Amino acid sequence: QLQLVESGGGLVQPGGSLRLSCEVSGFNSDYYAIGWFRQAPGKEREGVSCISAGGHFTYDTDSVKGRFTISRDNANNTVYLQMDSLKAEDTAAYYCAQGPRTTWCTTDQAEYTEWGQGTQVTVSS
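What you see is a predicted model, and the numbers here were worked out from it, not measured in a lab.

Caption draft 1: The state of the cysteines, seen in detail. Applying the stated rule across the entire model yields two disulfides. Each sulfur in the disulfide pair Cys 22 and Cys 96 lies 2.1 Å from the other. Judged by the torsion about the S-S bond (75°), the Cys 22/Cys 96 disulfide is right-handed. Pair noted here: Cys 22 is in strand β3 (residues 18–25) and Cys 96 is in strand β9 (residues 92–98), with a separation of 74 residues, a long-range link. Side by side, Cys 22 and Cys 96 carry an identical accessibility label, which is buried. Disulfide partner of Cys 50: Cys 105, at an S-S distance of 2.1 Å. Measuring the twist about the S-S bond at about 90°, one finds the Cys 50-Cys 105 disulfide to be right-handed. Here Cys 105 lies in the loop between β9 and β10 (114–115) and Cys 50 lies in strand β5 (residues 46–51), a separation of 55 residues in the sequence. One exposure class covers both Cys 50 and Cys 105, and it is buried. Within the protein chain, bonded cysteines paired by disulfides and numbered along the sequence follow the pattern 1-3, 2-4.

What counts, and at which threshold
Starting afresh in each chain, residues are numbered from 1 along the sequence in its written order. At least 70 in pLDDT is required for a residue's local features to be given in this predicted model, at least 80 for side-chain atom pairs to be given and counted, and no such filter applies to totals for whole chains, interfaces and linings, which use all residues. Hydrogens are left out, water is left out, and the side-chain values use all remaining heavy atoms of the structure. The disulfide definition used here is simple: a pair of cysteine sulfur atoms within 2.5 Å. Numbering of helices and strands runs from the N terminus, with a helix taken as a DSSP run of H or I at least four residues long and a strand as a DSSP run of E at least two residues long. Only protein chains enter the area calculation, which uses a 1.4 Å probe; residues under 20% of their type maximum are buried, those over 50% are exposed, and those in between are partly exposed.

Scope: geometric values only; no functional claims are made or implied.
Written as structure tokens, this is what we have:
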């Protein structure tokens, strides 16, 4: 019943752009913080961005600040991650996840309880 499904990943040149989507079903995504995370092969999963319940607060980790933008479309129950100026080090599997019902957010992974299956982003060197 509860599901998060990522899409939009693919191959892109350095400097290019992609928009990832996190389509939510089984719960109202606007009632929860939603986070984006990524994991490169052989490395730990790391937080990327999050958007609060209600959508009035966002957070971006330093490595993506100014390049990535998280947003939500409540009518479609979808959260987006717009990725611009992509770099080779952005290559990873990207995951969205359900967080707490707070009007702020962090990318502390312990606060996220439901996860999507991931979508691969590869930025060529």
